[in-house]
Amino acid sequence: MTVELAVHGDFATITLNRPEVLNALSFTIIRKIGEAIDAVAARPEIRALFFTGAGEKAFCAGADIKELRNRSLSEQKRGAELGQSVFAKLDDLPVTSIALVNGYAFGGGLELALACTFRLASRKAKFGLPEIKLGLVPGYGGTQRLPRLVGESRALEMIMTGRTVDAEEALGIGLVNRVVDGSLTDAGAEFAQSFCGYSLPVLNLARRAVQRAWENPLHAGLRIEADLSTLAYQTADAEEGMAAFEQKRKAKFQDG
């Protein structure tokens with residue numbers, strides 16, 4: 001299979017399994033990614049989703065260039081909209097998504113990683129949006145998500161030069177959350193454990209509040225924060241969390 005979904009306990013992993021082409025994204029692969037994300041959303045026992053790429057060289061080296069040639073204007077637009085809509089599913093996924101970047105993350109591969117909530121990278125990971133070198137512009141969300149992570153100036157430099165960023169620089173500019181020396185899988189599980197024990201509904205509300213910060217001016221964002229924090233107060237998990245604090249014990253959240 002070219003896109004594999006595996007579930008181990010509380011965690012799910014989607015693996016891009018085309019190592020012979022550095023896990024490149026064809027339109028069929030993108031659709032399968034969307035189906036796998038939908039399958040994760042339908043399983044309430046899952047508390048975190050990991051993305052990774054098969055093989056030693058690449059997380060995902062980008063779009064399958066052969067498919068991008070000799071397409072009509074409407075086909076090109078539909079292709080961009082497909083990638084955008086599939087990756088946007090991660091924004092609405094009830095659980096946190098984490099990209100485990102084990103090698104090249106170029107073009108659409110970086111755009112997939114950017115769509116995840118967090119990114120962990122191996123020391124050999126490389127990041128870039130090289131579309132400009134092909135006379136193209138990133139089309140799966142890169143021009144929108146990258147500046148939100150690293151700022152406008154750094155994003156423009158990466159996009160307009162197409163240059164490659166190594167793992168250390170990616171960490172320094174905020175493109176990734178951690179650089180990992182050992183097993184990415186183990187590091188991802190440890191990272192997920194740092195928040196997965198909390199209430200999933202409340203974690204989701206927190207994500208929504210932060211996402212709205214980029215969509216609204218401050219005064220509107222503050223109103224949204226007030227609404228979402230008020231919703232959090234109404235959960236049974238909030239009552240349990242505050243009671244546990246007063247009783248000096250560990251809270252037992254039930255996702256309610």
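Model, not experiment: these values are computed from the prediction. (Residues numbered from 1 in each chain as written. Predicted model: local features only at pLDDT ≥ 70, side-chain atom pairs only at ≥ 80, totals over all residues. Heavy atoms only, no water.)

Colleague: Looking at this model, I keep getting lost on the sheet that holds strand β4 (residues 58–60). Mind explaining?
Modeller: Here 4 strands make up an open sheet; going across it, the order is β4-β6-β8-β9 and the pairing mixed. Two strands in the sheet have a free side with no partner beyond their single neighbour: β4 and β9 (165–166). In the sheet, β4 pairs with strand β6 (residues 104–106) via 2 bridges, with the strands oriented parallel. By the bridge assignment, Cys60 is partnered in β6 with Ala105. Against the sheet, helix α4 (residues 108–115) makes contact with β4, β6 and β8 (126–128), and its axis sits at roughly 95 degrees relative to β6, the strand it touches most. (Pairing = 2+ DSSP bridges. Helix = DSSP H or I, 4+ residues; strand = E, 2+ residues; numbered from the N terminus. Contact = heavy atoms within 4.5 Å. Axes fitted to C-alpha atoms, helices over the stretch in contact; angles between N-to-C directions.)

Colleague: Would you mind going over the packing of helix α5 (residues 142–150) against helix α6 (residues 152–161) with me for this structure?
Modeller: Each packed pair of helices is defined by two parameters, the angle between the axes and the distance between the axes. Where α5 contacts α6, the two axes come as close as 7 Å, and the packing angle between them is 135 degrees. Viewed along their axes, α5 and α6 adopt a mutual orientation that is oblique. Crossing handedness for the pair α5 and α6: right-handed. Judged by residue contacts, Gly142, Thr143, Leu146, Pro147 and Val150 of α5 engage Glu152, Arg154, Ala155, Met158 and Ile159 from α6. (Parallel < 35°, antiparallel > 145°, perpendicular 65-115°, else oblique. Left-handed = near helix turned anticlockwise from the far one by under 90°.)

Colleague: Is there a simple way to explain the pattern of salt bridges in this structure?
Modeller: Proximity of charged atoms lets side chains of opposite charge pair with each other. Counted by the stated rule, this structure contains 14 salt bridges. The closest approach of N and O atoms between Glu56 and Lys124, which form a salt bridge, is 3.4 Å. One end of the pair, Glu56, is in the loop between β3 (48–53) and β4; the other, Lys124, is in the loop between β7 (118–122) and β8, with 68 residues separating them in the sequence. On the basis of relative accessible area, Glu56 is assigned to the exposed category, the value being 62%. For Lys124, a relative accessible area of 41% puts it in the partly exposed group. Between Glu81 and Lys77 there is a salt bridge whose closest N-O contact spans 2.8 Å. A residue pair is termed a helical-turn pair when its members lie 3 or 4 positions apart in one helix, as Glu81 and Lys77 do in helix α3 (residues 73–92) at 4 residues. A single network of salt bridges, built from pairs that share partners, joins Arg18, Asp64 and Lys66. (Salt bridge = Lys/Arg side-chain N within 4 Å of Asp/Glu carboxyl O. Buried < 20%, exposed > 50% of the residue type's maximum accessible area, 1.4 Å probe, protein only.)

Colleague: For this particular structure, what's the right way to read the sheet that holds β3?
Modeller: Across a sheet, strands are paired by hydrogen bonds formed along the backbone, either parallel or antiparallel in direction. Spatial ordering of the open sheet is given by β1-β2-β3-β5-β7-β10, a layout of 6 strands whose pairing is mixed. Of all strands in the sheet, those with a lone pairing partner are β1 (3–8) and β10 (178–180), marking the two edges. Pairs of neighbouring strands in the sheet enclose a mean axial angle of 20 degrees, with direction left out of account. Sheet topology places β3 next to strand β5 (residues 96–101); 4 bridges connect them, and they run parallel. Of the residues in β5, the one forming a bridge with Phe51 is Ala99. Against the sheet, helix α8 (residues 184–196) contacts β2 (11–16), β3, β5, β7 and β10, and its axis sits at roughly 160 degrees relative to β5.

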